Amino acid sequence: MAEHRVRKNNIIYIIPDDELFRKWKDDEAFIDEYGRLMNRKPHRVLRELKHYVEDAPTVQQRTSARFKQQQSVYSLLQLNWSPLTNL
């Protein structure tokens, strides 16, 4: 008996044994939107599957010097703004 990992919509589901994996592979069963392995014919739940999200590569965002300058000017304006000065 071996664990099998199956990828569907960027989620990896773990099918715990060979018999259930064979049913999924032979299209006798499918994984529904709730992460359950379902039988096709009588639509019964065969097993609630453990799952995890596939690691997506993270992109480090760099902040431009212009953006930092705009943010510092904006924060200075917020500090100097007063409702009484706009009357």
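Every value quoted in this text rests on a predicted model; they were computed, and no experiment measured them. (Residues numbered from 1 in each chain as written. Predicted model: local features only at pLDDT ≥ 70, side-chain atom pairs only at ≥ 80, totals over all residues. Heavy atoms only, no water.)

Q: Got a minute to help me understand the pattern of salt bridges in this structure?
A: When their charged atoms lie close together, side chains carrying opposite charge are able to pair. On inspection of all chains with the given rule, the structure shows five salt bridges. Here Arg36 and Asp32 are joined by a salt bridge, their closest N and O atoms 2.7 Å apart. Residue Arg36 is classed as partly exposed on the basis of its relative accessible area of 22%. Sharing partners across several salt bridges, the network here consists of Arg22, Asp26 and Glu28. (Salt bridge = Lys/Arg side-chain N within 4 Å of Asp/Glu carboxyl O. Buried < 20%, exposed > 50% of the residue type's maximum accessible area, 1.4 Å probe, protein only.)

Q: I tried to follow the sheet that holds strand 2 (residues 11–15) on my own but got confused; where do I start?
A: Neighbouring strands of a sheet are bound in pairs by backbone hydrogen bonds; such pairs are parallel or else antiparallel. Spatial strand order, 1-2-6: three strands in an open sheet with antiparallel pairing. Looking along the sheet, the strands with just one partner apiece sit at the ends: strand 1 (4–8) and strand 6 (50–53). Adjacent strand axes in the sheet meet at a mean angle of 25 degrees, parallel and antiparallel pairs treated alike. In terms of strand pairing, strand 2 meets strand 6 through four bridges, oriented antiparallel. (Pairing = 2+ DSSP bridges. Helix = DSSP H or I, 4+ residues; strand = E, 2+ residues; numbered from the N terminus. Axes fitted to C-alpha atoms, helices over the stretch in contact; angles between N-to-C directions.)

Q: Which parts of the structure should I look at to understand the sheet that holds strand 4 (residues 36–39)?
A: Taken together, three strands build an open sheet; the order of strands is 3-4-5 and the sheet is antiparallel. On the outer flanks of this sheet lie strand 3 (29–31) and strand 5 (45–48), each paired with one strand and no other. When strand polarity is set aside, the average angle formed by the axes of neighbouring strands in this sheet is 20 degrees. As paired elements, strand 4 and strand 5 share three bridges and run antiparallel to each other. Its bridge partner lying in strand 5, Leu37 is registered against Arg47. Here helix 1 (residues 18–25) sits on the sheet and contacts strand 3, strand 4 and strand 5; the angle it forms with strand 3, its principal contact strand, is near 90 degrees. (Contact = heavy atoms within 4.5 Å.)

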